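Below, each chain spelled out in residue letters.
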Amino acid sequence: MTDKTANQMWGGRFASGPDAIMEAINASISFDQRLAAQDIAGSRAHAAMLAAQGIITNKDSDTIREGLLTVLSEIEGGSFQFSTALEDIHMNVEARLKEVIGEPAGRLHTGRSRNDQVATDFRLWVRDQADAAIAGLEALMRALLGQAEAGADWVMPGFTHLQTAQPVTWGHHMMAYVEMFARDKSRFEDARRRMNESPLGAAALAGTSFPIDRHATAAALGFDRPMANSLDAVSDRDFALEFLGASSICAMHLSRMAEELVIWSSAQFRFVVLSDRFSTGSSIMPQKKNPDAAELIRAKIGRIFGANVALMMVMKGLPLAYSKDMQEDKEQVFDAADNLMLALAAMTGMVGDMQANVPALEAAAGAGFSTATDLADWLVRVLGMPFRDAHHVTGALVALAEGKGCDLPELSLADMQGVEPRITDEVFGVLGVHNSVASRMSYGGTAPERVREQVTAWTEKLG
């Protein structure tokens, strides 16, 4: 592509083409070629509307629409030659369209600008990514539901401060992540609803004098409505920021779960065995099985959160309407979307494959005086003791057990009565971990019955 050809795309305002440095900083085709399908879909909808409104002939519209499909097939087939001199995907497509169909290609840009064109393309692409994220989250939630259903009765330690707190069930722990990822899903769904308005037809910033039908192009592209203000339409990138915000929170949740899988799969915990598909070995230590997929998921939050901050910084000082700064809106979003989908797929695979070490979970559930709260509750419920007094008595019993090198259920009745004479042997019925979790019947509690109810409810919601 010569400077003369590139200059013709700009019109007669400029006497000479850009030099190499300006071309390099100005061009975006190296990354915005990912918008090709969206760009061509928007152009085909625009051409159909122009004909329907009598702005161009039906013949020209049909020729343009067919020519655009030819260009799309070339791009998808890998034969399309992208040109940096033509800057972006829009100019590359239009230049090739002219080579394919000739003079009618020049009518395509009637009643629009690259400003509303890129805003439409990018919005369509982000909408597709929101749909992909929603589908990915649903797949992960189903994998978690499978684990929760299988392990509704399996006991494990619940932690606070990463210290043993109270026994919970494996199913309850899995369902906690279902709730977290469900909120992520709802954030993407909410952002999608808000972004589903069409900028097309806003033109450069003020609309157009041509009698276009923005409602028609909005409907053709699956939007709910056209955006109501042309200035806002070309200058808004909230849709991308909301996508990045939802992605950042989702990546944080993925990172938290990845951290637990790293800990749980260690030799010190042995709570889970991760499949070979999502693990690697060591180059010098043959015994090692490293949870690399989990570790890489844990690292993805940095890239995704960084993309969110980067786009915020691009947008924070821009006056209305369009500024060239906004060309820097895409690479971060592309990278964040790619890494989010990779992390979701990897986590779904790990959750689906992982095997819980049920005996190790149960042994850990009973360690660390995990039923101390059950003992305190029994003192309140059976002996009528104020909770603060029961808390004190239980603390004394924990100290006694610690001194003897045993756990609470291993204390004798005489040991317990030495601290509180009214304790009876009925207390041993609440000190087992299975009894403990079974007693947590409050809504949202860890009892197997409650877990199964939540599994059923979420299975029905996901369909």
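What counts, and where the lines are drawn
- Residues numbered from 1 in each chain as written.
- Predicted model: local features only at pLDDT ≥ 70, side-chain atom pairs only at ≥ 80, totals over all residues.
- Heavy atoms only, no water.
- Phe/Tyr/Trp six-rings, centres within 6.5 Å; stacked < 30°, edge-to-face > 60°.
- Helix = DSSP H or I, 4+ residues; strand = E, 2+ residues; numbered from the N terminus.
- Buried < 20%, exposed > 50% of the residue type's maximum accessible area, 1.4 Å probe, protein only.
- Lys NZ or Arg CZ within 6 Å of the ring centre and 35° of its normal.
- Domains from an automatic or database assignment.
- Contact = heavy atoms within 4.5 Å.
- Buried area = accessible area lost by both parts, 1.4 Å probe.
- Salt bridge = Lys/Arg side-chain N within 4 Å of Asp/Glu carboxyl O.
- Polar contact = N/O pair within 3.5 Å; in protein donor to acceptor, adjacent residues only side chain to side chain.
- Pairing = 2+ DSSP bridges.
- Axes fitted to C-alpha atoms, helices over the stretch in contact; angles between N-to-C directions.
- Parallel < 35°, antiparallel > 145°, perpendicular 65-115°, else oblique.
- Left-handed = near helix turned anticlockwise from the far one by under 90°.
- Nonpolar A, V, L, I, M, F, W, Y, C, P; charged D, E, K, R; others polar.
- Core = buried A, V, L, I, M, F, W, Y, C linked by side-chain atoms within 4.5 Å.
- Lys, Arg positive; Asp, Glu negative; His and termini not counted.

Caption draft 1: Focus on the packing of aromatic side chains. All told, the structure shown has 11 aromatic pairs when counted by the stated rule. Pairing F122 with F334 gives two aromatic rings, centres 6.4 Å apart and planes at 85°, and the pair type is edge-to-face. Here F122 is found in helix α7 (residues 114-150), whereas its partner F334 is found in helix α13 (residues 330-353), with 212 residues between them in sequence. For the pair formed by F122 and F334, the shared burial category is buried. Centre to centre, the rings of W125 and F334 are 4.7 Å apart; their planes meet at 65°, and the pair counts as edge-to-face. With W125 in helix α7 and F334 in helix α13, this residue pair connects regions lying 209 residues apart in the sequence. On the accessibility criterion, W125 (5% relative accessible area) is buried. Given a relative accessible area of 4%, F334 falls into the buried group. A network of ring pairs unites the aromatic residues W154, F159, W170, W264, F269 and F271 as a single cluster. Directly above the aromatic system of F122 lies the positively charged group of K330, at a separation of 5.5 Å from the ring centroid.

Caption draft 2: Main features of the domain arrangement of the protein. When cut into domains, the protein gives domain 1 (21-107), domain 2 (115-210 + 224-363) and domain 3 (366-462). Relative to domain 3, the C-alpha centre of domain 2 lies at a distance of 37 Å. Counting residues at the interface gives 24 residues for domain 2 and 23 residues for domain 3. Summing both sides of the interface, domain 2 and domain 3 together bury roughly 1900 Å²; the carbon and sulfur share of this comes to 63%. Along the contact surface separating domain 2 from domain 3 lie one salt bridge. The partner of D153 in a salt bridge is R452, with the nearest N and O atoms 2.3 Å apart. Viewed at the interface, domain 3 and domain 2 are joined by seven residue pairs in polar contact (both at pLDDT 80 or more). Elements with a contribution of two residues or more to the side of domain 2 that touches domain 3: α7, β2 (163-169), α8 (170-195) and α14 (358-365). Here the side of domain 2 that touches domain 3 takes seven residues from α8, the largest share from any one element.

Caption draft 3: Representation of the pairing of strand β1 (residues 155-160) within the structure. With six bridges connecting them, β1 and β2 associate as antiparallel partners. By the bridge assignment for β2, P157 is matched with P167. Remark: two residues form the turn of the hairpin made by β1 and β2, two consecutive strands paired antiparallel; H161 in that turn has positive phi of roughly 60°.

Caption draft 4: The side chain of N115, seen in detail. If you trace the backbone, N115 turns up in helix α7. Excluding anything up to four places from it in sequence, N115 contacts A203, A204, V234 and Y322.

Caption draft 5: View of the packing of helix α12 (residues 292-315) against α13. Between α12 and α13, the shortest axis-to-axis distance is 9 Å and the interhelical angle comes to 155°. Comparing their axes, α13 and α12 come out roughly antiparallel. Note that α12 runs across α13; the crossing there is left-handed. Of the residues in α13, those in contact with A293, A294, I297, K300, R303, I304, A307, A310 and L311 of α12 are Q332, V333, D335, A336, N339, L340, L342, A343, A346, M347 and M350. The residue inventory of the contact of α12 with α13, partitioned by class, reads 15 nonpolar, two polar and three charged.

Caption draft 6: Broad picture of the nonpolar core. Membership of the largest hydrophobic core comes to 95 residues, with the highest contact counts inside it found for L254 and M347. With 15 residues, the single largest contributor to this core is helix α11 (residues 238-264). The residues touching L254, leaving out its near neighbours within four places in the chain, are L140, F181, I297, L340, A343, L344 and M347. Among the nonpolar cores identified, the runner-up in size contains 21 residues, and L397, A401, C406 and V430 belong to it.

Caption draft 7: The environment of Q33, seen in detail. Tracing the sequence through the fold places Q33 in the loop between α3 (29-32) and α4 (36-52). For the pair Q33 and N92, spaced 59 residues apart in sequence, the C-alpha separation works out to 9.0 Å.

Caption draft 8: Inspection of the packing of α4 against helix α5 (residues 58-77) at higher detail. Contact geometry of α4 with α5 gives a least axis separation of 8 Å together with a crossing angle of 175°. Classified by the angle their axes make, α4 and α5 are roughly antiparallel. Contact residues: α4 offers A36, A37, I40, S43, R44, A45, A47, A48 and A51, while α5 offers N58, S61, I64, R65, L68, L69, V71, L72 and I75. Its residues placed into classes, the contact of α4 with α5 shows 13 nonpolar, three polar and two charged.

Caption draft 9: How the structure looks around the side chain of R44. Relative to the helices and strands, R44 is located in helix α4. Although R44 lies buried, it forms no salt bridge, and the closest oppositely charged side chain, E66, sits 4.8 Å away as judged by the N-O distance. Aside from chain neighbours lying at most four places away, what touches R44 is R65, L68 and L69.

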